[in-house]
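What follows is each chain in one-letter form.
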Amino acid sequence: MGRFQVKKQDTFIDMTPMSDVMVLLLTFFMLTATFTKEEPVAVNVPGSVSEIKIPESNLMTIFVSPAGKVYMVMDNPTRQKDMAMELIDADMLDLNAKELEAFANVPTFGTPLNTIKSWVNMEGPKRNEILTKSPDAGIPCDSVNDELKEWVKAARKACGENMRIAIKADKTTPYKTIKNVMNSLRSIDESRYNLITTLKSGE
Amino acid sequence: MARKGGSKQKKMNARVDFTPMVDMIMLLVTFFMLCTTLLKPQTMEITMPSDKDDIKQENKSQVQTDEAITIIIDKDNKIYYFEGKQHEAKLQETAYGKEGIRKVLLKKNLNAAQKVAKLKTEMQAKFTSNPLQAEKNKQYYKEQLSKIKNADGTPTAIIKPSDASTYVNLIDVLDEMQNCYIGKYVIDKVNDTDRAMVKEQLGRDLE
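Residues numbered from 1 in each chain as written. Chains lettered and ligands numbered in written order. Predicted model: local features only at pLDDT ≥ 70, side-chain atom pairs only at ≥ 80, totals over all residues.

Topic: the pairing of strand β3 (residues 78–83) of chain B
Residue and element names in this part refer to chain B.
1) Next: In terms of burial, β3 is a largely internal element, five of the six residues being buried.
2) Next: Pairing geometry for strand β2 (residues 68–74) and β3, over six bridges, is antiparallel. Bridging across to β3, T70 finds its partner in F82.
3) Next: Between the antiparallel neighbours β2 and β3 lie three residues, among them D76 with a positive phi of about 55°.
4) Next: As judged from the three bridges shared by β3 and strand β4 (residues 92–94), these two strands associate in the antiparallel manner. When the bridges of β4 are listed, I79 appears paired with T94. (Buried ≥ 20, exposed ≤ 12 C-beta atoms within 10 Å, placed from the backbone. Helix = DSSP H or I, 4+ residues; strand = E, 2+ residues; numbered from the N terminus. Pairing = 2+ DSSP bridges.)

Okay, here's the thing in structure tokens:
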């Protein structure tokens, strides 16, 4: 009987090239990864034609929310700790060793100096809630009470001359707050800083 | 073929199943892809005058000339400008963008704009694929550009944002400084004279 022989098909697919490519991709992404820091409020940064890239390290960002609240972001926990220590030495901040360690690891901070202690002692989600919702959140930086000045001074002491200051603000942030920030930077002779923007496609 | 002896060697399957590994790697790749920010944000470098009084006085006398153009930024995306000295100037209203403030500034800075255009054609003629030479050209271009921008006779811009204006307004105006090759500009506060001027000539209250 002429029986037709069904060829047995091999269902095993060779995954090696695929896994090769995958590992390559993975390595690429792992090496180029720079994680975005957690920010309390989303900001929509204005576009500009400027093509200067932001410095990679030793950067202190002053973060201004659309509502005009001022926060600070440091790029390195060790430096954040050094900065806090400067303030403790100047008797402006009162934190014990454990609180200092906790403070060094917060991504963003921005409450008046006298409430930092209680703020650090809160749980993570509660901290963010205070930053975003509380009416007293934000580093005071008006002419009456200028704490931003003290923070920047301490940061400059802790991070040295090479520290760059950047201002990151939302499109709709009123100029009034920006003016206050600029004034307090000017009052401590920090006259060079960067304004963070995104790339705007040419017109 | 005759088999020797009775020992049957079992044929081992040399293939290893890669599927779980690929699964895991896919997951990791997805994670890193979503978490990275490949595009670094741009930045604008700005140098503000220091607070010291002597510098301030000097700056003020310098900018109060016919070559100055003062830009006042008001709320609701309104923008005004006047040229030269304040007491004899006429305040004009304009808009943001290509047809508005840029036209005004380019007209004011026509000399520099022409020079830059000339420089650009010169650079195009010099175009090479040699990366070393290209780097040199770029350096040369930058030097020339800053020379043109800061040459004598180029206008000085005084930017006065009012409290009610927004950050994007300020950035837009600073951007125009770059677009129009203005090397000398300052950010100043709105004072009472400016308020009176806006009130008198345009009938608006400046905050």
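The discussion continues.
Describing helix α2 (residues 77–89) of chain A
What sets the pattern is the α-helix's 3.6 residues per turn: residues three or four places apart point alike.
Residues and elements named next belong to chain A.
1) Next: The end-to-end C-alpha separation of α2 is 18 Å, in line with the 18 Å expected for 13 residues at 1.5 Å each.
2) Next: Restricting attention to buried positions, one finds in α2 the residues R79, Q80, M83, A84, E86 and L87. Along the long axis of α2, the arc covered by the buried residues comes to 150°, so they all point the same way. Counted as exposed and oriented over 90 degrees from the buried face of α2: T78 and D89. (Expected span 1.5 Å × (residues − 1). Arc of directions from axis to C-beta.)

Some thoughts on the interface of chain A and chain B
1) Next: Of the residues lining the interface, 49 residues belong to chain A; the matching set on chain B comes to 40 residues.
2) Next: At the level of secondary structure, the elements contributing two or more residues to the side of chain A that touches chain B comprise α1 (16–32), β2 (52–53), β5 (164–169), α7 (175–187) and β6 (192–199) of chain A.
3) Next: Ranked by residues supplied to the side of chain A that touches chain B, first place goes to α1 of chain A with 10 residues.
4) Next: Of the residues that constitute the side of chain A that touches chain B, the class distribution is 26 nonpolar, 14 polar and nine charged.
5) Next: Pairing geometry for β2 of chain A and strand β1 (residues 42–47) of chain B, over two bridges, is antiparallel. The partner of I52 of chain A across the bridge, within β1 of chain B, is T43 of chain B. (Contact = placed C-beta atoms within 7 Å. Nonpolar A, V, L, I, M, F, W, Y, C, P; charged D, E, K, R; others polar.)

Considering unusual backbone geometry
Residue and element names in this part refer to chain B.
1) Next: Positioned with a positive phi, D76 is a non-glycine residue whose angle comes to about 55°.
2) Next: Here D76 is to be found in the loop between β2 and β3.
3) Next: Of note in the backbone geometry, Y181 takes a positive phi value of approximately 55° without being a glycine.
4) Next: Among the secondary structure elements, Y181 is positioned in the loop between α6 (167–179) and β6 (184–187).
5) Next: Assessed through the 20 C-beta atoms surrounding it within 10 Å, Y181 is described here as buried.

Some details on the environment of T156 of chain B
Residues and elements named next belong to chain B.
1) Next: The topology assignment puts T156 in strand β5 (residues 156–161).
2) Next: Under the C-beta neighbour-count criterion, T156 is labelled partly exposed, with 18 such atoms within 10 Å.
3) Next: In sequence terms T156 and T30 are 126 residues apart; their C-alpha atoms lie 51 Å from each other.

Some thoughts on the sheet that holds β4 of chain B
All names here are of chain B.
1) Next: Strand order across the open sheet formed by five strands is β4-β3-β2-β5-β6, with mixed pairing between neighbours. Edge strands, defined here as strands with exactly one partner in the open sheet, are β4 and β6. Between one strand axis and the next, the sheet turns by 25° as a mean value, whatever way the strands run. (Axes fitted to C-alpha atoms, helices over the stretch in contact; angles between N-to-C directions.)

Topic: the confidence of the model for chain A
1) Next: A residue-level look at chain A finds 95% of positions with pLDDT of 70 or above and a mean pLDDT of 80.
2) Next: Highest mean pLDDT in chain A belongs to β5 of chain A (86); lowest belongs to β2 of chain A (76). (pLDDT = per-residue confidence, 0-100.)

Section: the domain arrangement of chain B
Residue and element names in this part refer to chain B.
1) Next: Under the domain assignment used here, chain B contains domain 1 (50–109 + 156–207) and domain 2 (110–153).
2) Next: Taken together, the contact between domain 1 and domain 2 spans nine residues of the former and 10 residues of the latter.
3) Next: The class makeup of the residues in the side of domain 1 that touches domain 2 is four nonpolar, two polar and three charged. (Domains from an automatic or database assignment.)

Thoughts on the environment of L113 of chain A
1) Next: If you trace the backbone, L113 of chain A turns up in the loop between α3 (97–104) and α4 (116–120).
2) Next: Setting aside residues up to four positions removed in sequence, L113 of chain A forms contacts with M92, L93 and E147 of chain A.

Side note on the packing of α1 of chain A against helix α1 (residues 19–35) of chain B
Packed helix pairs are specified by the crossing angle of their axes together with the interaxial distance, meaning the distance between the axes.
1) Next: Here α1 of chain A crosses α1 of chain B at 30°, and the two axes come no closer than 9 Å. With respect to α1 of chain B, the element α1 of chain A is oriented roughly parallel. Handedness of the α1 of chain A/α1 of chain B crossing: left-handed. Mapping the contact onto sequence places M18, S19, M22, V23, L25, L26, F29 and M30 of chain A in α1 of chain A and M21, V22, I25, M26, L28, V29, F32 and M33 of chain B in α1 of chain B. (Parallel < 35°, antiparallel > 145°, perpendicular 65-115°, else oblique. Left-handed = near helix turned anticlockwise from the far one by under 90°.)

A few points about the packing of helix α4 (residues 110–125) of chain B against helix α5 (residues 131–149) of chain B
Residues and elements named next belong to chain B.
1) Next: Between α4 and α5, the least distance of the axes is 10 Å, while the angle of their chain directions is 170°. When the axis of α4 is compared with that of α5, the two are roughly antiparallel. Each of A112, K115, V116, L119 and M123 in α4 lies in contact with α5, whose residues at this interface are N137, Y141, Q144, L145, I148 and K149.

So, the nonpolar core
1) Next: In terms of nonpolar packing, the biggest core is built from 74 residues, with A155, I167 and V181 of chain A together with I71 of chain B touching the most fellow members.
2) Next: With seven residues, the top contributor of residues to this core is helix α6 (residues 147–159) of chain A.
3) Next: Those residues within four positions of A155 of chain A in sequence are excluded, and the remaining contacts are M60, M83 and M163 of chain A. (Core = buried A, V, L, I, M, F, W, Y, C linked by C-beta atoms within 7 Å.)

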